[in-house]
Amino acid sequence: MQLTPRQTFTFTVAFLGWMVDAIDFFCVTLTTTELAESFNKDPSQVTSAITVTLMLRPIGALIFGVISDRFGRRIPLMVNLFLFTVIEVASGFSQNLSTFIGLRAVYGILMGGEWGLGNSLAMEVLPVKSRGIFSGILQEGYAVGNLIAAMLYYAIVPRLGWRALYWISIIPAVITIVLAFFLKESNVWQQTRQRQRDNPRRFHKTFIDMLKKHWLRSIYAIILMAGMNFLSHGSQDLYPTFLKKQLGFTPKQATIGTVVGNIGAIVGGMFFGYISEYLGRRRTIAICAIIGACFIPLWILPKSFGLLLVGTFFMQVFVQGAWGVIPAYLSEISPADFRATFPGLAYQLGNLVAASASQIEATMGEKNPLPELRDGKTVPDYGRVQGILIGSIYSCVLVLALLGKEEKGKVFATGSKHVDSCNASINEQIPPSELYAGAPPK
């Protein structure tokens, strides 16, 4: 599992890119209550900013994925990170909800492009046998970003207000942009690009041929990612609001809940990513879906804050345990010429389907309040809605995992039919010494 310095550096930048993306995204989910008060709106109206962000991510995945597959990963990644730091700063200056939502819409396009770029960068340079564990680590850049956002919220918002959180949160992104400047393109991408030059065809024709050949795989990937995104956003985005508004806990306690949940997410993603090298990707997702569903009552029903922390820890262990497999799994089932476009677009089209998760929970919770009043006002029943949604989604993810195709261990370097069953046939065999992703040319 030892990495070369180049592999380590490339993976680190990919991880940081996804982490800073998550920091900026979770600034909104953590400040939903403050935004509602500042703009004089209901939380369900504020969560429309989350919905819009998620809905527009497929556009970014397509734009940046196509550019990346044709022209490389490094420059598109730097441009992407720079633009969303600009949007994040501008979000802090918003004077009304309409302006804020408009800025988050642009941010959604940029956020949609980052995951495919970072994922392809990482998966193309990692050794095949290490792909599972590092897939889990990479995906938990999202949880680390959530964790950092929660700590920044706790340190900044009570003292300086929600606007300062958006301005200060760009610091990790600026550091990542500087590091990305020193990246080198993977040998796998260079080989793929050379093959494209040797067999020149218009990119859109190649893309259409891929869809004709792999349409069922494409539909499956999108549906799976819709379920996975419902699972993550449905269990995370509204949970701080649930703790504060329904259960009456303080912002400090809600922050602690977010931190504990993300510690569980990091543990789950890394552990099950590693385990997937032995059990397979699909079986690992299925196990997480079954066990995770058992923790739903402990996640929403207790009145004790301590028990809720236990519930949210284990809920995120299994939610993100399933997610930890996804970067490797989508890369392995992806056609070689579209290893940035296919995973990124499938991920974000699934996000489009699941974009309204938090808004559905907020709206249904407000329309079906608790029977008792608090200070003469109705109290939304967010917990029951979250429990029903997550239970249903776990069941769907279980079925999808069992129906999928297992391609654990696929080698991404060009050279044999075994290497990329999704790609055109290649007759030359790969020497055993090069049977890992990103094998250096001799």
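Since this is a predicted model, take the numbers as computed values, not measurements.

Some remarks on the overall build of the protein chain
Here is step 1 of the chain: Across its full length, the protein chain holds 22 helices and 2 strands.
Here is step 2 of the chain: Each of the 442 residues in the protein chain was classed as buried or not, and the buried ones make up 62%.
Here is step 3 of the chain: Put simply, of all contacts in the protein chain between residues at least 6 apart along the chain, 83% involve residues at least 24 apart.
Here is step 4 of the chain: Just so you have it, the protein chain exposes about 17100 Å², and 68% of that area is on carbon and sulfur atoms.

As for a nonpolar patch on the surface
Here is step 1 of the chain: A contiguous nonpolar patch, built from Phe93, Leu160, Trp167, Ile168, Ile171 and Ile175 and spanning about 590 Å² of accessible area, is present on the exposed surface.
Here is step 2 of the chain: Contributing elements (two or more residues each) for the nonpolar patch: helix 9 (162-168) and helix 10 (171-180).
Here is step 3 of the chain: With respect to the secondary-structure elements, Trp167 resides in helix 9.

Overview of helix 18 (residues 305-323)
Here is step 1 of the chain: For helix 18, spanning 19 residues, the distance from its first C-alpha to its last is 26 Å, which sits close to the expected 27 Å at 1.5 Å a residue.
Here is step 2 of the chain: Taking burial as the measure, the 19 residues of helix 18 include 14 buried ones, the bulk of the element.
Here is step 3 of the chain: The residue sitting at the N-terminus of helix 18 and contributing the capping side-chain oxygen is Ser304; that oxygen lies 3.3 Å from the backbone nitrogen of Gly306.

Here's the deal with the packing of helix 1 (residues 5-30) against helix 7 (residues 131-139)
Here is step 1 of the chain: Contact geometry of helix 1 with helix 7 gives a least axis separation of 8 Å together with a crossing angle of 35 degrees. Contacts between helix 1 and helix 7 involve Phe11, Ala14, Phe15 and Trp18 on the former and, on the latter, Phe134, Ile137, Leu138 and Gln139.
Here is step 2 of the chain: Within the contact of helix 1 with helix 7, the residues separate by chemical class into 7 nonpolar, 1 polar and no charged.

Focus: the side chain of Glu34
Here is step 1 of the chain: On the secondary structure map, Glu34 appears in helix 2 (residues 32-39).
Here is step 2 of the chain: Once residues within four sequence positions are removed from consideration, Glu34 is found in contact with Tyr153, Val157, Trp162 and Lys244.

Considering the environment of Val128
Here is step 1 of the chain: Relative to the helices and strands, Val128 is located in the loop between helix 6 (97-125) and helix 7.
Here is step 2 of the chain: The sequence separation of Val128 and Lys408 amounts to 280 residues, and the corresponding C-alpha distance is 8.8 Å.

So, unusual backbone geometry
Here is step 1 of the chain: The residue Asn40 is not glycine, and still its phi comes out positive at about 60 degrees.
Here is step 2 of the chain: Residue placement: Asn40 occurs in the loop between helix 2 and helix 3 (43-46).
Here is step 3 of the chain: Taking relative accessible area as the criterion, Asn40 reaches 70% and is therefore assigned exposed.

Quick word on the pattern of salt bridges
Here is step 1 of the chain: Taken as a whole, this structure holds 5 salt bridges when the rule is applied.
Here is step 2 of the chain: Note that Glu124 is salt-bridged to Arg73, the shortest N-O span being 2.5 Å. Remark: Arg73 occurs in the loop between helix 4 (48-71) and helix 5 (74-91) and Glu124 occurs in helix 6; sequence separation between them is 51 residues. Grouping residues by exposure puts Glu124 and Arg73 together as buried.
Here is step 3 of the chain: For Glu277, the salt bridge is made with Arg281, and the minimal N-O distance between the two is 3.1 Å. We note that Glu277, like Arg281, is buried.

A short note on the packing of aromatic side chains
Here is step 1 of the chain: If you walk through the whole model with that rule in mind, you get 24 aromatic pairs.
Here is step 2 of the chain: Ring centres 5.3 Å apart and planes at 25 degrees place the aromatic pair Trp18 and Tyr142 in the stacked group. Taken together, the positions of Trp18 in helix 1 and Tyr142 in helix 8 (residues 141-160) put the pair 124 residues apart, joining distant regions of the chain. We note that Trp18, like Tyr142, is buried.
Here is step 3 of the chain: Taken together, a centroid distance of 5.7 Å and an interplanar angle of 50 degrees make the contact between Phe272 and Phe318 tilted. Placement of the pair is Phe272 in helix 15 (residues 251-279) and Phe318 in helix 18, with a sequence separation of 46 residues.

Some remarks on the nonpolar core
Here is step 1 of the chain: Judged by nonpolar contacts, the single largest core of 120 residues is most densely connected at Phe100, Ile326 and Tyr394.
Here is step 2 of the chain: The element that contributes the greatest number of residues to this core is helix 1, accounting for 15 residues.
Here is step 3 of the chain: Filtering out sequence-adjacent residues up to four positions away, Ile326 remains in contact with Trp115, Ser135, Leu224, Met225, Met228 and Ile285.

Considering the pairing of strand 1 (residues 369-374)
Here is step 1 of the chain: Bridge analysis of strand 1 against strand 2 (residues 377-380) gives 3 bridges, and the strand direction is antiparallel. Counted as the bridge partner of Arg374 is Lys377 from strand 2.
Here is step 2 of the chain: Adjacent in sequence and paired antiparallel, strand 1 and strand 2 are bridged by 2 residues, among which Asp375 carries a positive phi angle near 55 degrees.

Focus: the environment of Ile23
Here is step 1 of the chain: Following the sequence through the fold, Ile23 ends up in helix 1.
Here is step 2 of the chain: For the pair Ile23 and Ala143, spaced 120 residues apart in the sequence, the C-alpha separation amounts to 9.0 Å.
Here is step 3 of the chain: If near-sequence neighbours (up to four positions away) are discounted, Ile23 is found in contact with Gly145, Ile148, Ala149, Leu152, Ser169 and Pro172.

A word on helix 16 (residues 281-293)
Here is step 1 of the chain: Between its first and last C-alpha, helix 16 extends 19 Å over 13 residues, near the 18 Å set by a 1.5 Å rise per residue.
Here is step 2 of the chain: The inward-facing, buried residues of helix 16 contact helix 7, helix 15, helix 17 (296-300), helix 18, helix 19 (326-332) and helix 22 (382-403).

Section: the confidence of the model for the protein chain
Here is step 1 of the chain: Averaged over the protein chain, the pLDDT score is 83; the fraction of residues at 70 or greater is 87%.
Here is step 2 of the chain: Mean pLDDT values over the elements of the protein chain span from 66, in helix 12 (residues 203-213), up to 96, in helix 17.
Here is step 3 of the chain: This stretch, residues 415-442, has a pLDDT under 50; its non-local contacts, to residues over four places away or in other chains, come to 74 contacts.

A look at the environment of Leu152
Here is step 1 of the chain: Within the fold, Leu152 resides in helix 8.
Here is step 2 of the chain: C-alpha separation for the pair Leu152 and Leu165, spaced 13 residues apart in sequence, amounts to 6.9 Å.

Analysis parameters
- Residues numbered from 1 in each chain as written.
- Predicted model: local features only at pLDDT ≥ 70, side-chain atom pairs only at ≥ 80, totals over all residues.
- Heavy atoms only, no water.
- Helix = DSSP H or I, 4+ residues; strand = E, 2+ residues; numbered from the N terminus.
- Buried < 20%, exposed > 50% of the residue type's maximum accessible area, 1.4 Å probe, protein only.
- Contact = heavy atoms within 4.5 Å.
- Areas by Shrake-Rupley, 256 points an atom, 1.4 Å probe, with all protein chains shown as cover.
- Patch = residues over 30% accessible without salt bridge, like charges linked within 9 Å, V, L, I, M, F, W, Y side chains within 5 Å.
- Salt bridge = Lys/Arg side-chain N within 4 Å of Asp/Glu carboxyl O.
- Expected span 1.5 Å × (residues − 1).
- Polar contact = N/O pair within 3.5 Å; in protein donor to acceptor, adjacent residues only side chain to side chain.
- Axes fitted to C-alpha atoms, helices over the stretch in contact; angles between N-to-C directions.
- Nonpolar A, V, L, I, M, F, W, Y, C, P; charged D, E, K, R; others polar.
- Phe/Tyr/Trp six-rings, centres within 6.5 Å; stacked < 30°, edge-to-face > 60°.
- Core = buried A, V, L, I, M, F, W, Y, C linked by side-chain atoms within 4.5 Å.
- Pairing = 2+ DSSP bridges.
- pLDDT = per-residue confidence, 0-100.

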